Amino acid sequence: MEKTESPVGEQALTPPERGQLHIWQSAGPSVQLCPERVLLSRPVLQAALGEHHGLLLTQGGLVYSFGELLWRDLSVPVSDPVLEVSLLKRKVVRVAAGGFHCGALSDQGNIYMWGENTAGQCGLTESEASNITVSEPCPVPVVDSEVNPPAVVRVVDLAFGREHSLALSAKNELWAWGSGCQLGLVNSTFPVWKPQKVEHLAGRHVLQVACGAYHSLALVRSLTSQNYNTQNPSEKIERGQSPQSFVIERDKLLAADASHYCPLGVELTKVISGETPPRRSPRPRLPRGGKSADSSPCTKLEPHEDTDPLTQVDGSHMSHPLPAWRANKDSALPDEMELQNHVQKNSSLSWDHTKGPGDTDSLSSYTSDDSCVSSTTSTDLLTSSFKEDLQIKSQTNSNNGVVMPYSSSPVCLEKVQLFLVAEKQALQGQKSSSLTNINQKGKAAANGRRSLPGTPTRGRNGSPRRRRPCACIPSSVCQTQAAAPEEAGDGLPFLETEVWSWGRGSEGQLGHGDQLARLQPLCIKSLTGEEVIKVAAGSHHSLALTANCQVYSWGSNMCGQLGHVNSPVTVPQQTKLSDGLQVWDISAGQSHSLLLADGDCVQPVLLYCGQQCEPMSVQRDKSHQGQRVCQRSPNRAESYTVRPTLLPFCMEMGYIGSVCCGGLSCAVLADQNVMGFISAIHELASRERQFFCWMSNTKKLLLKPLRNRESVCPLLGEPCTHLFFSLCESFFRLSVLIGRHSTSLSYFLHDVQGQDVTSLLLMTHTEHFVDIYKEYCSSVGDFQVMGGFQSLHKLLLECLGSKQTVLAQLCVSDQSGSGDVDLVSLLYWPLQQLHQYSRVLLKLAACYDVLTTEYQSLHQGCGQYESLSLSLSKRKKEAETTFLFWKTHPGKTTEILRLPKRRVVCESSNRSLTLQNAGRFSNHWFMLFSDALVHTQGAIPSQSLFSTHHVYPLTCLWVKPVTEDSSGLYAIKITCPEESFTLVASTPQEKNKWLRSLNQAVDQVLGGGGQGSSPGSTAMSRTASYMFTGEGRFKDAQYTGGWLAGHVHGRGTMKWPDGRAYSGNFRKGQEDGFGHCIIPNKLLNKPDIYQGQWKDGKIHGFGKYKYACGEVYEGCFCDGQRHGYGMLQSGKLDKKSSGVFIGQWVHDRKTGYGVYEDITRGEKYMGLWLDDQRHGSAVVVTQYGVYFEGTFRDNKMSGQGLLVSDDNTALHGEFSDDWTVNGKGVLSLANGDCLEGFFNGEWTTGLKVVGTYNKPAIVEPENKERNILQLGKYVVPAGQRWVCVFDECWSRLGCDAAGRGERTTAWENIAVTISTARRHSLDLSRSQNKILESLEFIPQYGDQVTTANYDNIRRYLIKACETPLHPLGWLVETLITVYRMTYVGVGANRRLLRQAVNEVHAFLTHFYCLVRFLFPGLPEDGSVIPDPPASLSQSRQNSAIAEQGGVVVVSCSSLLLPLLLPRLYPPLFTLYCLQEEQEETQYWERILRLNKQPDQSLLSFLGVQEKFWPVWMSILGEKKQIVSSSEDACFVSAIETLQQISTTFTPSDKLLVIQKTFEELTQEVKPMLEGDFMWCMDDLLPLFLYVVLRARIRNLGAEVSLIEDLMDPNVQHGELGLMFTTLKACYIQIRQESTT
């Protein structure tokens, strides 16, 4: 239980003002009663009453018992209850009392039960319970065996009857155990010892349960989700259509529905005769004897419930003695025995009862005989069914071994028939509900049930008790409150409910219009849609409380406990309440009902329904009168209340919070008012209930009749009709909110001690209240502005006719006192409730210290509601003023400007404002509305006429006062998106008035408070929508986004009617920055899409353009044209011409160096372009391995060129067209032969030759081949390629050309670019975000680079190249793209190797220029970094550097190659492998052959001296000797190190691997030699050759060539260079090794 701080500083344990229990016997108000107050040391949180006993739950979870404790043979007075000691260690949060048993619920959801267990109602078997009673609380587990593994169910509520028990789980499921049909279980064996789930309610959201003597009630959330925007579900009106009136008589509906259900709860389609299952034999109820469960002053002796005293339920005759009857404790025993003897004499059937193991239930556990009555009242049919049933039962019992002789005695059968005839006549009486009457009315309504069982709609939210386990929740509020619909959120109780009932129905207590029993839960149709919030069950009657404080009752009315004399009593009827009483709590006892209501004052009053107390002499006379034999229900009291009667002593008890009834007792829990706290809470709840009742009446008497009127649309007109429907919708939403709030306050009052005042819905759902009230006020104002109330009043008079007096009850004291109902005041009246909220919250805040959080919350809430009240009052006044304005300026011209949401602020009909430089005879009329400024010309305001008008939305209107000058004009400058003008006021006062009004209106429409903005202070920068109408690029475009002083500025979206759309950044009225544009292409029926940079309204910068034809261009633009670096992908693979171009563009044409891959032809062109044509030096390679280099003109090969085929055949000559030779040339063959002369023809089809064939001499073929195959003569130099890529990078740094720009500007551009990317890129990973954060800081770029800060530059470059958002990172990504586009695929031609290597060197050169521009302290390529000024730490570092090799030399390869080469490595290394393919083949053949030899044999073959031969090898730390047959056992570490050369990328890393290999080799040799050891090449080369052989490096030739081409020139002649030379020598040696 959550402990809540008291508002008046009371102690938590014993506040005398809280939890006061008053208890008395129900005798009605006719005698002077003196309720007894129970004095305990702790406040009582809950009381539960049984037939003759009761339970009390006090603060701290203590449980007390009082009354007749039969299971302990005790009689405890209520003034001195006994403590249940066994529950002290359990934190009890709830107690419940049945007829003769008890239960407690712990905060963990565990059940503890004790008391009578004859019917299994305590959940304990006979072996567990001694003498069919449980004297001490015992745990009763509720286990869900349907899940695997079985799980313990958490219980949140309990309800007990006489012989059954119900539990509500935290999942809003119902569990039952005990005996009888009131369990609702699909079960034929009783008792039910273990709790079982009521499957008929599975999938339904059960909110509350209640138990009568032998029937059960459940409050269930409606399955069909009602829309809270509309009225009750029985009256559905579709939105957007003309409303139709669905008027259904509730009596006909319930009669028709109820007529088609049998006791099982299923629909009957024809008359059938039911067969009842076998019944158990009766047994004594208690060992103590005749304690009656139905004892009351009205009933001295009666048969149990509905059981016929002449027959058993199963049709057999009964001759059982006293235990089958319930006798009053004070009744005369001789009369009882005499009646029993009479019964035995009339019985012709003797039954020797033998009690078996399962025969532990009493007769009261049986389903009464009404459960087998058919849905017809035919006596013959029932008699026939009765006879057949007798035979079946006798056979069944005889099969079980029980001898049951019988004879069809005329006496017995005649009495049965007489009973059935009497029952039929009683059912057909005028004041009773009969099946015949019901069937007669059944044709008027549908026969389908609205709520079907078993549909899984159970919500996830539970009761407030489950969300907040608390021991202080009274039994009167045991229903579950679940989450409200999505518009309200958690904490709001449900109003969409249904009442389900089951069990015995002989008194009509089930409410289905008959007296049949129900074995399964069945929905009471008449209560669906009535917004029931609580149900209560007496012994034989039932109560239901609705949200609008109405009470429905049904069932036994013998003692007047229903509070009315309406008929029939088998269906719910409204209790007759006095005017002004709002009931908010109910409870039912054995033959009486107790209601808690709001009276004339804040303090609640008690209302009583039931018997009146009679003189003792009359009671004694009646106690000796026996009941008639065939009586099936309690006796009717001679004196009882006709309607609920006020109990006068209730005013002395204080503020009652809850009521409780049980047996013949009544109890209330009351609180005393302390510092006004309790009275304030009650006042808030009482006013809210009254308010909801008023709203319900208004909805019922006013809005629904008007809305359902067919003539509403023709009379109001279409616009006003929609506004009226909107008004009704908002009224209904407000009504639902108030209803749920009032219900929540009632629940709050049931448990004031355990509640936190800050949990009031007014505090937790403030935003929801504000939204609903604002919406309602706006809907009423909109309808008023459009003049709808005048037409609505006429419609109201037409609708009501002579019934206009019924509206008088809707008028409140502060409304119009005239005879006619003022609809405007009436519908504005709900707004006054906001002031009441504020006032009551202020009262509550006064009960707390100002430093407490409760005071702060309450005071804040008070201010919010008061502010809302004032704001809505202002809106109301604005609506009234606007209506009067339109009323005084009628006409068609002004009607154009009349809009529902528009409110008038001021206007210039008195010529107080005019246009500057206006003509002498021109008339200008300015009207300022809440949303726009209207300027009319040719206006005559007095006649509401004008020739033209223009509307300026305030969202896009800027107001600026003009400084007064010598001209003396009082001017105001108005700026709009498409024009600007100046207004001139007549006086300074008028100027200030208009300036203030304009600023306030603009501020208000922009979302500000509009509370007196100073002149000129409205936002210059704002976000708004605007439709352009003037000529220009934006004509007819709709813009939504940022503005600055009348110009589009910032992020926004522009949409044109033709489908064009732009979304992105604007600057000073034009697209500028990053944006996304869609341009429709009507011919192709597809749009062009561009995403990238803009400048001054044109595409400018880097972007991606997707053309409708399928082409995609990604690159640079300038003034809307492709200019600079770019890549164009044209067509697709299934088209004739598809290819990819990447290179330089000039004014939308390919010009400069570029690479084009013709995917269709399988060719790749790498060379110069001019105006979209190939022109200049170029190289062409094909997928067949043909290589061409030469010149192009007019898009074809022209002039000198060299063509080389895949087999080394080369043609050097004159070309006139693609692959066409025409002129002198030399054809060189692969074997060295050549053909020199004139060539003519196409290479692929054949050549015509006129020339000389030469056979070279044997000694010079290689020289001639070398001269012929010299490549690279006609190619574009590497330094001239991809200049456009580097130019774009320089541009991004803010430089006009390479090296031309401010270094400071470059660094600022980098910082801005990174910051912008971080702000707009929301999907960055944590590592990416961290890198960008570090790159935002500008490093110390101006300092001289030394060995100390050189590493800082290197680390910065590594980070910059990791993200394409940095200019250098973009450069690296682009260089990789162009490199792969050039040398991947068709470009993987071995003759392109030298160009690829040269291109890498060119990249490094250009890249280093950029780095030196950013870091000017870097020396030139190949220069030495100077040492920093001498210091202790730096001198140590320098000495370390000197020890490692002296000075630090900076080169572009050492600094930048690690950034580029790893990503360029795949295509480059592929070219090396293709170039070295033949040599690699020879090398690998030698490797495989030589590695077949053992280690010692191979060492000997290579000439390694034996002193270097290892003798031992280590395997897993164990030494083993190397023998002659050992393989791969020598120099293992050196071999494994050398193998890592294939895992590295840069030459420097590969050289380090070679160096580590030599070091490992030296480490393995040292132990074999003595003293210092120095290598000589004669010893080292054979040994290293062995390591290379055993390393088996697959492409060693490619590795050697790559290192040789790209290694740093500074290390070529050093130690690393020598080691590399050794590796190269080994490779050559292996390749040239003889194969024999």
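Residues numbered from 1 in each chain as written. Predicted model: local features only at pLDDT ≥ 70, side-chain atom pairs only at ≥ 80, totals over all residues. Heavy atoms only, no water.

(A) Main features of the overall build of the protein. Broken down by element type, the protein carries 34 helices and 64 strands. When each of the 1636 residues of the protein is scored for burial, the buried share is 54%. Put simply, 60% of the contacts in the protein that link residues at least 6 apart link residues at least 24 apart. Accessible surface, the protein: about 70,900 Å² in total, of which carbon and sulfur atoms supply 51%. (Helix = DSSP H or I, 4+ residues; strand = E, 2+ residues; numbered from the N terminus. Buried < 20%, exposed > 50% of the residue type's maximum accessible area, 1.4 Å probe, protein only. Contact = heavy atoms within 4.5 Å. Areas by Shrake-Rupley, 256 points an atom, 1.4 Å probe, with all protein chains shown as cover.)

(B) A look at a positive patch on the surface. Among the surface-exposed residues, Arg-1326, Lys-1330, Arg-1355 and Lys-1359 lie close enough to one another that they form a single positively charged patch. Counting only elements with at least two residues in the positive patch, the list comes to α22 (1326-1335) and α23 (1350-1360). By relative accessible area, Arg-1355 is classed as partly exposed at 43%. (Patch = residues over 30% accessible without salt bridge, like charges linked within 9 Å, V, L, I, M, F, W, Y side chains within 5 Å. Salt bridge = Lys/Arg side-chain N within 4 Å of Asp/Glu carboxyl O. Lys, Arg positive; Asp, Glu negative; His and termini not counted. Charge placed at Lys NZ, Arg CZ, Asp CG, Glu CD.)

(C) View of the sheet that holds strand β27 (residues 573-574). In spatial order, the strands read β24-β25-β26-β27; together these 4 strands make up an open sheet with antiparallel pairing. One side of each edge strand has no neighbouring strand; the edge strands of this open sheet are β24 (532-537) and β27. The pairing of β24 with strand β25 (residues 541-546) spans 5 bridges and is antiparallel. Of the residues in β25, the one forming a bridge with Lys-534 is Leu-545. (Pairing = 2+ DSSP bridges.)

(D) Highlighting the side chain of Thr-1363. Its place among the elements puts Thr-1363 in the loop between α23 and α24 (1367-1383). Here Thr-1363 falls in the buried class, since its relative accessible area comes to 9%. Setting aside chain neighbours within four positions, we find Thr-1363 in contact with Ile-1331, Leu-1332, Leu-1335, Gly-1369 and Trp-1370.

(E) Layout of the pattern of salt bridges. Per the counting criterion, the structure on display carries 41 salt bridges. Taking the shortest distance from any N to any O, the salt bridge between Glu-1336 and Arg-1318 comes out at 3.1 Å. Highlighted residues: Glu-1336 in the loop between α22 and α23 and Arg-1318 in helix α21 (residues 1303-1320), separated in sequence by 18 residues. For Arg-1318, a relative accessible area of 25% puts it in the partly exposed group. Look at the salt bridges and you will find they share partners, linking Asp-144, Glu-146, Glu-173 and Lys-197 into a network.

(F) Up close: the nonpolar core. In this structure, Leu-594, Leu-606, Leu-702, Phe-724, Tyr-773 and Leu-844 are the most contacted members of the largest nonpolar core, which totals 120 residues. The element best represented in this core is helix α10 (residues 718-750), accounting for 16 residues. Core analysis: the second largest hydrophobic core is formed by 81 residues, Met-1166, Val-1345, Val-1400 and Leu-1404 among them. (Core = buried A, V, L, I, M, F, W, Y, C linked by side-chain atoms within 4.5 Å.)

(G) Geometry of a nonpolar patch on the surface. Nonpolar side chains collect at one region of the surface, where Leu-83, Val-85 and Leu-88 lie side by side and expose about 250 Å² of accessible area between them. Considering the arrangement of structural elements, one finds Val-85 in the loop between β7 (82-83) and β8 (92-97).

(H) Broad picture of the packing of helix α27 (residues 1452-1475) against helix α33 (residues 1596-1606). Closest axis-to-axis distance for the α27/α33 pair is 11 Å, and the angle between their directions is 135 degrees. Taken together, the axes of α27 and α33 are oblique relative to one another. Crossing of α27 over α33 shows right-handed handedness. Touching Leu-1457, Leu-1461, Tyr-1465, Leu-1468, Phe-1469, Tyr-1472 and Cys-1473 of α27 are Ala-1598, Glu-1599, Ser-1601, Leu-1602, Asp-1605 and Leu-1606, all from α33. Residues of the contact of α27 with α33, tallied by class, amount to 10 nonpolar, 1 polar and 2 charged. (Axes fitted to C-alpha atoms, helices over the stretch in contact; angles between N-to-C directions. Parallel < 35°, antiparallel > 145°, perpendicular 65-115°, else oblique. Left-handed = near helix turned anticlockwise from the far one by under 90°. Nonpolar A, V, L, I, M, F, W, Y, C, P; charged D, E, K, R; others polar.)

(I) The sheet that holds strand β14 (residues 155-160), seen in detail. In space, the 4 strands of this open sheet follow the order β14-β15-β16-β17, with antiparallel pairing throughout. Both edges of this open sheet fall to β14 and β17 (192-197), since each of them pairs with a single strand only. Adjacent strand axes in the sheet meet at a mean angle of 20 degrees when their direction is disregarded. As paired elements, strand β15 (residues 164-169) and strand β16 (residues 174-178) share 5 bridges and run antiparallel to each other. If you follow Leu-166 over to β16, its bridge partner there is Ala-176.

(J) Representation of helix α12 (residues 766-785). With 20 residues, α12 extends 28 Å from end C-alpha to end C-alpha; this agrees with the ideal 28 Å at 1.5 Å per step. With 16 of its 20 residues buried, α12 lies for the most part within the structure. Phi turns positive one or two residues past the end of α12, at Gly-787, with a value near 70 degrees. (Expected span 1.5 Å × (residues − 1).)

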